[in-house]
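Report on the structure
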Amino acid sequence: MSTAPVPEVDLGDLGFGRGAHLLVQRALAGLPPGGRLAVTGRDPALRVHLPAWCRGRGHRVEWPDRGDGSDLVAVVVRGSADDDRWFGAERAGPALPSALSSRPPARWGLGARGALLEAGGPEARFDLDDRDLVWADIAPHLYAQAAARQWDPQTAVPWDDPFALPADVEAAVVQVMTYLVENEQAALVVPARFVGRIHPHFREVVQLLAVQMADEARHMEVFGRRALLRGAEMGTSSAGGRQSLFTLVASRTSRWRRSCSPCSARAVSSTCSRSCTRTPRTR
């Protein structure tokens, strides 16, 4: 009975310091546990680096006699450590958003939706993890729409165009811009409160809120830049105005949970979609 030939990987002059282990690893991936791989190469450090690398990954090394002029270094016997590592692994639900889990478990944590999760990872707690509270089927479409309609504050406004305003009108513009900056700050903080609470399984909703936050950040940039376009000071900020805005970010958690529903998500998302296409008029 003939013996099956042993597959071989030839490393040439490549050493482990230059990536030879990647070639060995790739060749071993195609073998079952107990499979044998002949490793040849001319790097003088291979006989030191190869067995050390194999020990760290649960493989065994055999040292056959080397024939005259042979570049054979060793024969690696594939271990089962790589397979054992994935024992008990599970998929983090389906990859596509068409069949989302109704309540993804905490053990899925920050794992990508649909990925094969190695057992034993940390349990990340996200209190907004109920699909009926968080998800809207239109979210992926709204995110794609909003992301495609982003704008650049540097080019969207003709900052260098000449214009002249009476001093009192310019002061009024500065005051309005100051007020708008404060409003946009509140508009950024509100979705930011959700982002760290929504389970990543519903990532399109998180992405949509992130686009909304980026849009509010651009508004802050544009309004702030216009306020300082002709001077070095912003306008005034009233205590009552700030108190009114602060009520948006100081609401109780229970109220946030009640507002986070598919219907409200659609409303917020629709607003985001419109605002992401809006370029502020600063003159």
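Turning next to the packing of aromatic side chains. If you walk through the whole model with that rule in mind, you get two aromatic pairs. With centroids separated by 6.2 Å and ring planes inclined at 75°, the aromatic side chains of Phe-16 and Trp-53 adopt a geometry described as edge-to-face. Of the two residues, Phe-16 sits in the loop between strand E1 (8-10) and helix H1 (20-29) while Trp-53 sits in helix H2 (residues 46-56), which places them 37 residues apart along the sequence. In this structure, Phe-16 and Trp-53 share a single accessibility class: buried. Geometrically, the ring pair formed by Trp-135 and Phe-202 is tilted, given 6.4 Å between the ring centres and 40° between the ring planes. On the criterion of sequence distance, the pair formed by Trp-135 in the loop between helix H4 (131-134) and helix H5 (139-148) and Phe-202 in the loop between helix H7 (167-195) and helix H8 (203-227) is long-range, its members being 67 residues apart. Judged on exposure class, the residue Trp-135 and its partner Phe-202 are both buried. One Lys or Arg, Arg-218, reaches over the ring of Trp-151 and ends 5.3 Å from the middle of that ring.

Here the focus is the confidence of the model for the protein chain. Per-residue confidence for the protein chain gives a mean pLDDT of 87; residues scoring 70 or more make up 86%. Of all secondary-structure elements in the protein chain, the lowest mean pLDDT belongs to helix H11 (residues 262-275), at 41, while H8 reaches the highest, 96. Below pLDDT 50 for its whole length, residues 253-283 participates in 70 contacts with residues either more than four positions away or in separate chains.

Moving on to the pairing of strand E4 (residues 72-77). Most of E4 is tucked away, with six of its six residues classed as buried. Of the pairings in the sheet, the one linking strand E2 (residues 36-40) to E4 comprises five bridges and is antiparallel in character. Paired with Leu-37 across the two strands is Val-76, which belongs to E4. Here three bridges tie strand E3 (residues 60-62) to E4, and the two strands are oriented antiparallel to one another. What sits directly across from Val-61, in E4, is Val-76.

A few words now on the pattern of salt bridges. All chains considered together, the criterion is met by 14 salt bridges. Here Arg-36 makes a salt bridge to Glu-62, at a shortest N to O gap of 2.7 Å. A residue pair is termed long-range when its members are at least 10 positions apart, and Arg-36 in strand E2 and Glu-62 in strand E3 qualify at 26 residues. Its relative accessible area of 24% is what places Glu-62 among the partly exposed residues. We note a salt bridge from Glu-170 to Arg-226, for which the minimum N-O separation is 2.9 Å. Linking Glu-170 in helix H7 with Arg-226 in helix H8, this pair joins segments that are 56 residues apart in sequence. The burial state of Glu-170 is the same as that of Arg-226; both residues are buried. It is possible to trace a salt-bridge network through shared partners that takes in Asp-13, Arg-42 and Asp-71.

One can find Leu-245 in helix H9 (residues 239-249). Spatially, the C-alpha atom of Leu-245 lies 8.0 Å from that of Glu-182, the residues being 63 residues apart in sequence. With residues up to four places along the chain from it excluded, the contact list for Leu-245 reads Glu-182, Asn-183 and Ala-186.

So, about the sheet that holds E3. By definition, the strands of a sheet pair up through backbone hydrogen bonds, in either a parallel or an antiparallel sense. Taken together, the four strands give an open sheet; going across it, the order is E1-E2-E4-E3, and neighbouring strands pair in mixed fashion. Unpaired on one side and paired on the other, E1 and E3 mark the two borders of the sheet. Within the sheet, the average angular offset between the axes of one strand and its neighbour, ignoring direction, is 25°. Running at roughly 155° to E2, H1 makes contact with E1, E2 and E4 of the sheet. Of the strands in this sheet, E2, E3 and E4 touch H2, which is tilted by about 5° from E4.

Looking now at empty space enclosed by the protein. Within this structure, the stated rule accounts for one cavity of 30 Å³ or more. Reported here for the largest cavity is a volume of approximately 30 Å³. If you go around the largest cavity, the residues you meet are Ala-92, Trp-108, Gly-109, Gly-111, Arg-113, His-199 and His-201.

Conventions adopted
Residues numbered from 1 in each chain as written. Predicted model: local features only at pLDDT ≥ 70, side-chain atom pairs only at ≥ 80, totals over all residues. Heavy atoms only, no water. Phe/Tyr/Trp six-rings, centres within 6.5 Å; stacked < 30°, edge-to-face > 60°. Helix = DSSP H or I, 4+ residues; strand = E, 2+ residues; numbered from the N terminus. Buried < 20%, exposed > 50% of the residue type's maximum accessible area, 1.4 Å probe, protein only. Lys NZ or Arg CZ within 6 Å of the ring centre and 35° of its normal. pLDDT = per-residue confidence, 0-100. Contact = heavy atoms within 4.5 Å. Pairing = 2+ DSSP bridges. Salt bridge = Lys/Arg side-chain N within 4 Å of Asp/Glu carboxyl O. Axes fitted to C-alpha atoms, helices over the stretch in contact; angles between N-to-C directions. 1 Å grid on protein atoms, 1.4 Å probe; cavity = no way out; pocket = protein on both sides within 12 Å on 5 of 7 lines; lining within 4 Å. Points joined across faces, edges and corners; volume = space filled by probe spheres on them.

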